[in-house]
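An overview of the molecular structure
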Amino acid sequence: MFRIKIPATSANLGPGFDCLGMALQLYNTITVETKRPFRISLTGSYKEGIPADESNLVWRTMCHFWDLIHYPVPTVDLTFENCIPPARGLGSSSAAIVGGLATANAIAGSPYTKLELLQVANALEGHPDNVTPALYGGVTLSVPTENGVLPRVLAQSPNLKAVVIIPDTPLNTKKARGILPPQVHRKDAVFNISHVSLLTEAFIREEYSLLKEAMCDKLHQSQRAALIPGLLETLEAALQAGAYGAALSGSGPTLLTLIPRSFTEDVSLSMTNMLEKHGINAQAMVLEIDANGASSI
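Residues numbered from 1 in each chain as written. Predicted model: local features only at pLDDT ≥ 70, side-chain atom pairs only at ≥ 80, totals over all residues. Heavy atoms only, no water.

**Here's the deal with the packing of aromatic side chains**
- Enumeration according to the criterion identifies six aromatic pairs in this entry.
- Residues tryptophan 59 and tryptophan 66 carry aromatic rings whose centres are separated by 5.7 Å and whose planes lie at 75° to one another, so their mutual orientation is edge-to-face. For the pair tryptophan 59 and tryptophan 66, one class covers both residues: buried.
- Classification of tryptophan 66 by relative accessible area gives buried; the value is 0%.
- Taken together, the ring pairs connect Phe38, Trp59, Trp66 and Tyr71 into an aromatic cluster. (Phe/Tyr/Trp six-rings, centres within 6.5 Å; stacked < 30°, edge-to-face > 60°. Buried < 20%, exposed > 50% of the residue type's maximum accessible area, 1.4 Å probe, protein only.)

Right, dumping it as structure tokens:
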């Protein structure tokens, strides 16, 4: 028997659309018992709507990997403890894919490196900003190249904490992507390029005072505000309460705020109160940054 934990992730971090991400200390856990009759058991906070049969995304990913390496499908007893809320912009599908690949790779004797697993995960997920931090931990940059995704860890353990504000209502990623225009203005592209560069410097140099400006975006947040009432006002409320920076987490509806270690309650209360004014109930969680990515426990 062995266990693997996979962190939640927050993608984009503002201007880093489809290329920046961060791993958070909120986990899904996979427990594996080999040479047992096939079974999937679900535990944790989020079980509703998740299949406990061969259609489960983790299991399908495991079978995909074994097929890829021509490894016979073993009989296993699997328990999935789901603590990452689905359809909230915290990388639940990426956690399932990365968890499935890491588990299947371990059962097969670890023939793939982490970099090779990333390429498979990216092919399945479609964009790497969540799967890269789920595998590598920390704050990551994913660079598309002709030879696949080039991952870079900008900061393994940044000296800050994250506040995630999780609305009660989920938001489908496909819907959140569908609202974005197919083309962007050149000035908006330049704005985001410059702000991603500033964000990268902020993490590498640990100059977190830069995050307020660095996490600004022109490509997706204001467009998605139509789907999340009070989004922009809530991000501003976080900054007014003393946060380093704030952004939509992935495609939403969760909001991510990066804060000094001495700040917690003021920021979360300001954000949840602002969302309540717009008719949205939300849960606040204060999380550390995960430094390890998917790992055995």
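**Observations regarding the side chain of asparagine 56**
- Structurally, the position occupied by asparagine 56 is in the loop between strand S3 (39-44) and helix H1 (57-68).
- Given a relative accessible area of 3%, asparagine 56 falls into the buried group.
- In terms of polar contacts, asparagine 56 uses its side chain to reach the backbone carbonyl oxygen of proline 51, at 2.8 Å.
- Excluding its chain neighbours within four sequence positions, the residues that come into contact with asparagine 56 are Ile40, Leu42, Ile50, Pro51 and Phe80. (Helix = DSSP H or I, 4+ residues; strand = E, 2+ residues; numbered from the N terminus. Polar contact = N/O pair within 3.5 Å; in protein donor to acceptor, adjacent residues only side chain to side chain. Contact = heavy atoms within 4.5 Å.)

**Section: helix H2 (residues 92-107)**
- In a regular helix each residue adds 1.5 Å, so 16 residues correspond to 22 Å; H2 covers 22 Å between its end C-alpha atoms and thus fits that length.
- Judged by how many residues are buried, H2 sits mostly within the fold: 13 of 16 residues are covered.
- Two residues or fewer after H2 comes glycine 109, characterised by a positive phi angle close to 95°. (Expected span 1.5 Å × (residues − 1).)

**Focus: the sheet that holds strand S9 (residues 255-259)**
- Pairing in this open sheet of four strands is antiparallel, and the strands run S8-S9-S7-S10 from one edge to the other. Because the sheet does not close on itself, it has two edges, and the strands there are strand S8 (245-248) and strand S10 (282-287). Between one strand and the next, the sheet's axes are offset by a mean angle of 20°, whatever the strand orientation. (Pairing = 2+ DSSP bridges. Axes fitted to C-alpha atoms, helices over the stretch in contact; angles between N-to-C directions.)

**Some details on helix H9 (residues 231-240)**
- Those residues of H9 that sit buried are Leu231, Thr234, Leu235, Ala237, Ala238 and Leu239.
- Elements that come into contact with the buried residues of H9 comprise helix H7 (211-214), helix H8 (221-224), S8, S9 and helix H10 (265-277).
- Among the residues trailing H9, glycine 242 stands out with phi positive, at a value near 110°.

**Some words on the nonpolar core**
- Counting 63 residues, the largest nonpolar core has Phe203, Leu211 and Leu258 as its most contacted members.
- At eight residues, H2 tops the list of elements feeding residues into this core.
- In this structure phenylalanine 203 touches Leu13, Met22, Val139, Leu154, Ala155, Pro158, Leu160, Tyr208, Leu211 and Leu258, once residues within four positions along its chain are discounted.
- In terms of nonpolar packing, the next biggest core, distinct from the first, is built from 20 residues, Val163, Ala238, Ala241 and Met271 among them. (Core = buried A, V, L, I, M, F, W, Y, C linked by side-chain atoms within 4.5 Å.)

**What to know about the pattern of salt bridges**
- Applying the stated criterion to the full structure yields six salt bridges.
- Across the pair arginine 177 and aspartate 18 runs a salt bridge, and its minimum N-O distance is 2.5 Å. Taken as a pair, arginine 177 in helix H5 (residues 173-178) and aspartate 18 in the loop between strand S1 (2-11) and strand S2 (20-34) lie far apart in primary sequence, 159 residues in all.
- For the salt bridge of arginine 36 with glutamate 33, the shortest nitrogen-to-oxygen distance reads 2.6 Å.
- Exposure remark for arginine 36: the relative accessible area of 36% places this residue in the partly exposed category. (Salt bridge = Lys/Arg side-chain N within 4 Å of Asp/Glu carboxyl O.)

**Focus on the side chain of threonine 140**
- Here threonine 140 shows up in strand S5 (residues 139-145).
- Here threonine 140 falls in the buried class, since its relative accessible area comes to 1%.

**Description of the environment of glycine 49**
- Summarising the element assignment, glycine 49 is placed in the loop between S3 and H1.
- A C-alpha to C-alpha distance of 9.7 Å links glycine 49 and proline 86, two positions 37 residues apart in sequence.

**Here's the deal with the packing of H1 against H2**
- In contact at an axis separation of 8 Å, H1 and H2 are set at 45° when each is read in the N-to-C sense. Classed by the angle they form, the pair H1 and H2 counts as oblique. In terms of crossing hand, the pair formed by H1 and H2 is right-handed. The residues of H2 that touch H1, namely those facing Leu57, Val58, Thr61, Met62, Phe65 and Trp66, are Ser93, Ala96, Ile97, Gly100, Leu101, Thr103, Ala104, Asn105 and Ile107.
- Residue classes in the contact of H1 with H2 are distributed as ten nonpolar, five polar and no charged. (Parallel < 35°, antiparallel > 145°, perpendicular 65-115°, else oblique. Left-handed = near helix turned anticlockwise from the far one by under 90°. Nonpolar A, V, L, I, M, F, W, Y, C, P; charged D, E, K, R; others polar.)

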